[in-house]
Amino acid sequence: MTDLRFYWSLLLRRLPVMLALFLICTVLGVVTAIRAPATYSTSAQLLVEGPQIAAEMATTNPGAAETLQVTEQQLLTRANLIDIANKFRVFGDEQLTPDEKVERMREATVIRRAAGRDQASMMTLGFTGDSPAVVADVVNEYVTLILSNSARSRLSRVEEQLRFYEQEVERLSADLDAQSASILQFKRENAEALPENLQFRQGRQALLQERAARLQNEVATLQTQRADMMRIFEQTGNVAGQSGQSPEAQMLAQARQRLAQLEAMSETDDNPRIRGLRTQIAVMEQGVQQNGSAESQTGNPLLDLNLAQLDSRIEAAGAEIEQVNAELERLEDSLRETSTNSLSLAALERDQANIQSRYNAAVASLAQARMVERIESSARGERITVVEAASVPDLPSGPSRKKIAALGAGAGLGLAVGFFMLMELLNSAIRRPAELKARFDVMPLAVIPYIENRRERRGRVARRLTVVLAVAVTIPLGLWYLHMNYMPLDILTLKIVGRLGLG
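Summary of the structure given here. (Residues numbered from 1 in each chain as written. Predicted model: local features only at pLDDT ≥ 70, side-chain atom pairs only at ≥ 80, totals over all residues. Heavy atoms only, no water.)

**Notes on the overall build of the protein**
Formally: For the purposes of this entry, the term helix denotes a DSSP run of H or I that reaches at least four residues, the term strand denotes a run of E that reaches at least two, and both are numbered from the N terminus. Summary of the burial criterion: residues with accessible area below 20% of their type's maximum are buried, those above 50% are exposed, and those between are partly exposed, where the area comes from a 1.4 Å probe applied to protein chains only. When checking whether two residues touch, look at their non-hydrogen atoms; a contact exists if any pair is within 4.5 Å. Accessible areas in this description were obtained via Shrake-Rupley with a 1.4 Å probe; residue shielding takes into account the shown protein chains only.
Scanning the protein from N- to C-terminus turns up 13 helices and 4 strands. Looking at the protein as a whole, 29% of its 503 residues are labelled buried. Considering only contacts within the protein whose residues lie at least 6 apart along the sequence, 78% involve residues at least 24 apart. By element, 56% of the accessible surface of the protein is carried by carbon and sulfur atoms, the whole surface being about 32,900 Å².

**Considering helix H4 (residues 98-108)**
Which entries qualify depends on this criterion: This arc is taken over the directions from the axis of the helix to the C-beta atoms.
Within H4 the residues assigned to the buried category are Lys101, Val102, Met105 and Ala108. Seen end-on, H4 carries its buried residues on one side only, within an arc spanning 135 degrees.

**Some points on a nonpolar patch on the surface**
Applicable threshold: Residues enter patches when they are more than 30% accessible in relative terms and free of salt bridges; like-charged ones are connected within 9 Å and nonpolar ones (Val, Leu, Ile, Met, Phe, Trp, Tyr) within 5 Å. Take a side-chain nitrogen of Lys or Arg and a carboxyl oxygen of Asp or Glu: if they are within 4 Å of each other, that pair is a salt bridge.
On the surface, Leu413, Val417 and Met421 cluster together into a nonpolar patch covering about 290 Å² of accessible area. With respect to the secondary-structure elements, Val417 resides in helix H10 (residues 401-426). Taking the relative accessible area as the measure of exposure, Val417 reaches 40% and is therefore partly exposed.

**Considering the packing of aromatic side chains**
Heads up, the rule is: Side-chain rings of Phe, Tyr and Trp (the six-membered ring for Trp) are treated as a pair once their centres are within 6.5 Å; stacked means planes under 30 degrees apart, edge-to-face means over 60, and tilted covers the remaining angles.
Taken as a whole, this structure holds 2 aromatic pairs when the rule is applied. Pairing Phe127 with Tyr142 gives two aromatic rings, centres 6.3 Å apart and planes at 80 degrees, and the pair type is edge-to-face. Here Phe127, found in strand E3 (residues 119-129), pairs with Tyr142, found in helix H5 (residues 132-189); they are 15 residues apart in sequence, far enough to count as distant. Judged by centre distance (5.3 Å) and plane angle (65 degrees), the ring pair of Phe164 and Tyr165 falls under edge-to-face. Classification of Tyr165 as buried rests on a relative accessible area of 19%.

**Comments concerning the environment of Leu76**
Relative to the elements of secondary structure, Leu76 occurs in the loop between helix H2 (64-75) and helix H3 (78-88). Residues contacting Leu76, with those up to four places away along its chain left out, are Leu81, Arg106, Thr109 and Ile111.

Structure representation (structure tokens):
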């Protein structure tokens, strides 16, 4: 109870200042509410429509939420806001800097987006100003900018993507041609050691190995025959199967028999076979005569002939063996190089396959980009349409004068309470026994208050009433004087709030 009386006395003592703060803020709030100009608001609604063609064709379209966000950022650019403010004289004759115009335009513009799953993507554009016609013009200009920017940006994006894919297809086509040329050049340089004819070369190698073995066996057989023939001749002095005539004479006799048979069968001598056989017989007769006069190596013409035939066959077989071995060496070298060439060729073909896959993807993307470009050109893709245009408002939308007045009164009451608490915190004087005990840790035996007489009490009350009345009269008069002779209180309030950075 004692504390309540103490604080009540403090409240009465500081009441003039607190009342002055309260009255100043309240009067400023009321004057601002009364003199605040009426504001008008209007809005327009936009809808993001889905594409009229199949959605999978329009791959370049961003999401509806992203479209609305990008649209808002493009709309609220500095250049657009300054142009619109100057075009429609949004701020009248006020001398504002470009930064102030941009800031006030953004404060007066209200944009609300609504987008989500299983719901329409909407945008609401609003503007607040002093003139009904101006706010409607500004919102409609916003809508015009959004529609034109949306169509232009979408078409520009599609054309840019189309140019990109055209360049990509051209680049990949050149890379593909260069890679094909590299593979062709590699195959030309390594034509004998390519993996694609490996099976043929392996089969050829097997055939040549078999041929070489057969030739070696044949050489060995011929050499054995020659040795056996020499051995028989040395033992018997004759050659097995020897007759009285030489082989040439025997062959000549056989030729003469065939000629006789042909002459018997043919009615005329103009038969080509008969003429050819006669020529052959003449040559053979000359050979028999020459062989008869020549000396033999062994003294036996038949043996010399057989040995010469065997030697020629052995020599021919040896030459063929050398050719087969040379080809086998070439095949072995090509087979050894095939593994390395196989890896190199596989790397070249793998690169070609990668380029081919990218080329195919680029061609498909180019075709799709061309389709999207036609869709956008015919305005059948995703687009922004106007659901409701802005109209000229008939009634003001603000300000809320009651709220402004109440805000001024609340601010005055807050300042008064803050002043009271601040003075309490700054006052360090001892005014109560409890403060004496807390400060010096002593318990007073008795406290004798100051006892006023009736005259002193009446004087103190009169002074307080005088101060209160002076504050209640002087402050309104002073504010009225400022309002009439210096600056309207609403403008003064806005400037003070702006200097303090509160609004």
